[in-house]
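# Understanding the architecture of this molecule
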Amino acid sequence: MTEVYDFVQSISQDAIVSPSSFRSVSKLHRAYALTMSLFNSADGETNLKDSLTADQSKNMIEKMQVLHQVVYPWAFVNSFTSLPSLMDSFKHPKGIVLCFGDNSFENGLLMIHHIRKNLNCNLPIEVFYNGIRDLSAAKSLALNTLKGVTARNLQDVFPGRNYHIKPFAVLAASFKEVVYVDNDIILFQSPDEIASSSKIFKKYGTLFFKGPSFELGNSRWARWFIKHPSSAANTTGRFFTNLSKDEMDASLMLFDKARLKVVLGLLTTCHLNLREVREAGLDKHFQGDKETYWLSLELLRVPYKFAPVFAGVAGHLQEKAEKVMPNSVCGLRSHLDEVGKLLYVNSGSARFYNGLDKWEKTLSHYIAPASGDQWKMDSTVQQWCISGSVPEVFLVSTQEKDLVRKYRQSQIDMP
């Protein structure tokens, strides 16, 4: 542990590290995360203080009181003065986070209605928007009149940044356990039920879902600053084995912010989504924010796990030359929970192509592919088709169809 102590003590409290210097930032974030974890270890874990003299322990405590401003200067300039003050702001046990502004206001309202009325979930909801130009005062006020819903301006928490809003919203939310939900998906399970029933979430404090594979990848650039990926990422993951440039779908994510390591991972995720960091390299290699959540945990060497099933499709059996293909399903991208039940579908593309009516009328099957091979997907047509084996194809239940019907009716009834 003396190496950790020596490195942390060598960092000047006035040091300025370029946010886009990936190697330097990675080393700094790892050292900070390791030190914070070891200094605040749980019972039975290694505690850094046990290996330090009294003077070293005093020096370390003094250093940790200022080091957060070197590692995350954007985070501790307004609402929070330290990492403990940030974690103290998570006052409520569990809640849902949504992000939308004026442009997707109707979709956001539809999601709130679906969660409340169709899924019977009464968890508190915080809706984040990125400044007064993103969401009008009238619409913010309208959200605040809804029971259990609070509209929050992210600029009040993390001011002056142009960034992908999602990770910052998750971090800023007042909930210890956060269920983040995109407003263009159709949920088949209550967010409360998802959080309560997930064994992965209970063990790791995060829950992520695998996305589809669109094309082969090249992890060389990421390996430049993530020198030692986890065994799972190196063997069963698609990104670090170069099978796909895509690993994750970030439409639904769970975080337990009562756990220090999860918060440290979120801080690094936010850093990777700062504008200057995105423009310095990340945007050349990744689409949006979706890969930064698990990559941040890889960078900090924090354990995590994806839900086991790859992204599939929910819709109807494909027809070719007037023949029904029992092993191929066409429709919207779908995701299953840990036990293989339909969890949500991404409806954004169908909305764009005005295809939800047709999808709902023909909804009959979903496919849970055993692998994420990109050659199994035909994404050149709307709706997408995925081929597999017959045992990977399942019937959509009456209850699931009924939820879709209620969701569509809610959409029609929206003023």
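Coordinates for the structure precede this section.
Okay, so let's go over this structure.

Rules and cut-offs
- Residues numbered from 1 in each chain as written.
- Predicted model: local features only at pLDDT ≥ 70, side-chain atom pairs only at ≥ 80, totals over all residues.
- Heavy atoms only, no water.
- Helix = DSSP H or I, 4+ residues; strand = E, 2+ residues; numbered from the N terminus.
- Phe/Tyr/Trp six-rings, centres within 6.5 Å; stacked < 30°, edge-to-face > 60°.
- Buried < 20%, exposed > 50% of the residue type's maximum accessible area, 1.4 Å probe, protein only.
- Lys NZ or Arg CZ within 6 Å of the ring centre and 35° of its normal.
- Pairing = 2+ DSSP bridges.
- Axes fitted to C-alpha atoms, helices over the stretch in contact; angles between N-to-C directions.
- Contact = heavy atoms within 4.5 Å.
- Core = buried A, V, L, I, M, F, W, Y, C linked by side-chain atoms within 4.5 Å.
- Right-handed = clockwise from strand over helix to strand, strands pointing away.
- Polar contact = N/O pair within 3.5 Å; in protein donor to acceptor, adjacent residues only side chain to side chain.
- Parallel < 35°, antiparallel > 145°, perpendicular 65-115°, else oblique.
- Left-handed = near helix turned anticlockwise from the far one by under 90°.
- Nonpolar A, V, L, I, M, F, W, Y, C, P; charged D, E, K, R; others polar.

## Description of unusual backbone geometry
The phi angle at Ala 321 is positive, at roughly 50°, despite the residue not being glycine. Phi at Glu 322 takes a positive value of approximately 65°, unusual for a residue other than glycine. Relative to the helices and strands, Glu 322 is located in the loop between strand S8 (312-320) and strand S9 (323-336).

## Re the packing of aromatic side chains
Applying the stated criterion to the full structure yields 23 aromatic pairs. Aromatic pair Phe 239 and Phe 240: ring centres 5.1 Å apart, planes at 85°, arrangement edge-to-face. Of the two residues examined, Phe 239 and Phe 240, each falls in the buried class. Here the aromatic residues Phe 22, Phe 208, Trp 221, Phe 225, Phe 239, Phe 240, Phe 255, Phe 286, Tyr 293, Trp 294, Tyr 304 and Phe 306 are joined through ring pairs into a cluster of three or more. Taking the ring centre of Phe 310 as reference, the NZ or CZ of Lys 210 above it sits at 4.2 Å. Here the basic side chain of Lys 257 rests over the ring of Phe 90, its NZ or CZ set 3.7 Å away from the ring centre.

## A word on the sheet that holds strand S4 (residues 175-181)
Strands sit in the order S3-S2-S1-S4-S7-S6 across an open sheet of six strands; the sheet is mixed. Taken across any chain shown, the strands that pair with only one partner, and hence form the sheet edges, are strand S3 (149-153) and strand S6 (206-210). Sheet twist, expressed as the mean angle between neighbouring strand axes with direction ignored, is 25°. As paired elements, strand S1 (residues 92-99) and strand S2 (residues 125-129) share four bridges and run parallel to each other. In the sheet register, Cys 99 faces S2, and the bridge partner there is Phe 128. Lying on the sheet, helix H5 (residues 105-118) is in contact with S1, S2, S3 and S4; it crosses S1 at an angle near 145°.

## Examining the nonpolar core
Core analysis: the biggest nonpolar cluster contains 73 residues, and Trp 74, Phe 158, Phe 208 and Leu 267 have the highest contact counts within it. If you tally residues by element for this core, the top one is helix H12 (residues 260-272), at eight residues. Counting residues in hydrophobic clusters, the runner-up holds 50 residues, among them Leu 143, Leu 343, Val 345 and Tyr 407.

## With respect to the pairing of S2
Of all five residues making up S2, five are buried, and the element is well covered by its neighbours. Both faces of S2 are covered, namely the face carrying Ile 125, Val 127 and Tyr 129 and the face carrying Glu 126 and Phe 128. The β-α-β motif built from S1, the intervening H5 and the parallel element S2 has right-handed crossover chirality. In this sheet, S3 lies alongside S2 in parallel orientation, the contact comprising five bridges. Residue pairing across strands places Tyr 129 opposite Asn 153, the latter belonging to S3. In this region the chain leaves S2, passes through helix H6 (residues 137-144) and returns to the parallel neighbour S3; the handedness of that crossover is right-handed.

## What about the side chain of Gln 189?
Mapped onto the secondary structure, Gln 189 falls in the loop between strand S5 (185-187) and helix H8 (191-197). Its relative accessible area of 6% is what places Gln 189 among the buried residues. A polar contact is formed between the side chain of Gln 189 and the side chain of Asp 337, at a distance of 3.0 Å. Within the local environment of Gln 189, its side chain forms a polar contact with the backbone oxygen of Leu 342, the two atoms lying 3.4 Å apart. Look past the residues within four positions of Gln 189 in its chain and what remains in contact with it is Leu 119, Ile 194, Asp 337, Lys 341, Leu 342 and Leu 343.

## Examining the environment of Asp 184
Tracing the sequence through the fold places Asp 184 in the loop between S4 and S5. Distance in space between the C-alpha atoms of Asp 184 and Gly 108 is 7.9 Å, their sequence separation being 76 residues.

## Some remarks on the side chain of Ser 219
Along the chain, Ser 219 turns up in the loop between S6 and helix H10 (220-223). Among the residues examined, Ser 219 registers a relative accessible area of 2% and is labelled buried. When sequence neighbours within four positions are dropped, the list of residues in contact with Ser 219 reads Phe 239, Phe 240 and Asn 242.

## Thoughts on the packing of helix H7 (residues 165-172) against H12
Their axes nearest at 9 Å, the elements H7 and H12 cross at an angle of 150°. Taken together, the axes of H7 and H12 are roughly antiparallel relative to one another. Regarding H7 and H12, the two cross each other, and that crossing is left-handed. Across from Pro 167, Phe 168, Val 170 and Leu 171 in H7, the residues of H12 making contact are Val 263, Leu 266, Leu 267, Thr 269 and Cys 270. Grouping the constituent residues of the contact of H7 with H12 by class yields eight nonpolar, one polar and no charged.

Note that every value here comes from positions in space, so none of it alone points to a role or purpose.
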